[in-house]
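Topology and contacts: notes
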Amino acid sequence: MTHYVIAEPCTSRKDTNCLDVCPVDAIHPNRKSPDFTNAAKLHINAMTCIGCGSCFRVCAAQAIFSREELPASYEPYDLENLQYFQLARQERA
């Protein structure tokens, strides 16, 4: 199953339309997270994402791509998204 990746166009813009439409709360930090205000961009948890594309359709920054359609120049953002959630798991442990 595909997952979606939030790339560079979200940096410093942090459009939150995607938070409102994600049916599985795969996008973080969300508005309730203590680090939401200071976060430079949002991230999609590949393990939680169901590949529905709702976030992609509402992203005003055009920063969200399916993993399969992610431009080569944005590939580091797939790794960044994965690392974000690995770090969050370590902090909770």
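Here goes a summary of the coordinates provided. Keep in mind the model is a prediction, meaning the values are calculated, not measured. Throughout this description, residue numbers start from 1 for each chain and increase along the sequence as written. A pLDDT threshold of at least 70 governs which residues receive local features in this predicted model, and a stricter bar of 80 or more applies before side-chain atom pairs are shown or counted, although totals over entire chains, interfaces and linings include all residues. Excluding hydrogens and water, the side-chain figures rest on all heavy atoms present in the structure.

**Re the pattern of salt bridges**
Between side chains of opposite charge, a pair can form when the charged atoms approach closely. Applied cut-off: By convention in these notes, a salt bridge is any Lys or Arg side-chain nitrogen within 4 Å of a carboxyl oxygen on Asp or Glu. Runs of E in the DSSP output that reach at least two residues are strands. Runs of H or I that reach at least four are helices, and both are numbered from the N terminus. Relative accessible area decides the class of each residue, using a 1.4 Å probe on protein chains only: under 20% of the type maximum gives buried, over 50% gives exposed, and in between gives partly exposed.
For the structure shown, the criterion picks out 3 salt bridges. Note that D20 is salt-bridged to R31, the shortest N-O span being 3.0 Å. Here D20, found in helix α1 (residues 17-21), pairs with R31, found in the loop between β2 (27-28) and β3 (43-44); they are 11 residues apart in sequence, far enough to count as distant. D20 gets classed as exposed once you look at its relative accessible area, which sits at 53%. Residue R67 pairs with D78 through a salt bridge whose shortest N-O separation is 2.7 Å. Of this pair, R67 sits in the loop between β4 (64-66) and α3 (75-92) while D78 sits in helix α3, and the two are 11 residues apart along the sequence. Residue D78 is classed as buried on the basis of its relative accessible area of 10%.

**Overview of the packing of aromatic side chains**
Defined as follows: Working definition: a ring pair exists when centres of Phe, Tyr or Trp rings (six-membered ring for Trp) sit within 6.5 Å. Plane angles under 30 degrees give stacked, over 60 give edge-to-face, the rest tilted. Counting as a charge over the ring demands two things of the Lys NZ or Arg CZ atom: a distance within 6 Å of the ring centre and an angle within 35 degrees of the ring normal.
Applying the stated criterion to the full structure yields 4 aromatic pairs. Ring geometry for Y84 against F85: centres 5.0 Å apart, planes inclined by 85°, an arrangement best described as edge-to-face. By relative accessible area, which is 21% here, Y84 ends up partly exposed. Given a relative accessible area of 9%, F85 falls into the buried group. Chaining the aromatic ring pairs together yields one cluster made of F65, Y74 and Y77. Of note, K14 hangs over the ring of F36, and the distance from its end group to the ring centre comes to 4.3 Å.

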